[in-house]
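# Notes for the structure review
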Amino acid sequence: MLANSGAQIRRTPPGRVNDYHTASRRQYVITLSGHAELVLSGGKTIQVGPGSIELAEDLTGKGHITRVIGNEDRVTIAIPVSETK
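Residues numbered from 1 in each chain as written. Predicted model: local features only at pLDDT ≥ 70, side-chain atom pairs only at ≥ 80, totals over all residues. Heavy atoms only, no water.

Two side chains that carry opposite charge are able to pair once their charged atoms sit near each other. Taken as a whole and assessed by the stated rule, the structure comprises three salt bridges. Here Glu-57 makes a salt bridge to Arg-26, at a shortest N to O gap of 2.9 Å. A residue pair is termed long-range when its members are at least 10 positions apart, and Glu-57 in the loop between strand E6 (53–56) and strand E7 (64–69) and Arg-26 in the loop between strand E2 (17–21) and strand E3 (27–33) qualify at 31 residues. The partly exposed category is assigned to Glu-57, whose relative accessible area is 45%. Residue classification places Arg-26 among the partly exposed positions, given a relative accessible area of 27%. Note that Glu-37 and Arg-67 form a salt bridge whose closest N and O atoms lie 3.2 Å from each other. Separated by 30 residues along the polypeptide, Glu-37 in strand E4 (residues 35–39) and Arg-67 in strand E7 bring together distant segments of the chain. (Salt bridge = Lys/Arg side-chain N within 4 Å of Asp/Glu carboxyl O. Helix = DSSP H or I, 4+ residues; strand = E, 2+ residues; numbered from the N terminus. Buried < 20%, exposed > 50% of the residue type's maximum accessible area, 1.4 Å probe, protein only.)

Below is the structure:
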């Protein structure tokens, strides 16, 4: 089991682009509805949609780009991962 400290639900409109940025914390991001493209720092692009689960842990460096694609809002839930010792 991984410890966590809450969750955040986010709704982002179609066409929204969040240029290169790092993750604010180590977290799982689960897409509940809508679609996006994630451009990773190495240039690889991945498509995500309902049911996709990503572990965002690029806390340093160039980060990634997030583009909401399609014609519907992308709704995600972000679940922070706390480090346990």
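What follows continues from the structure just given.
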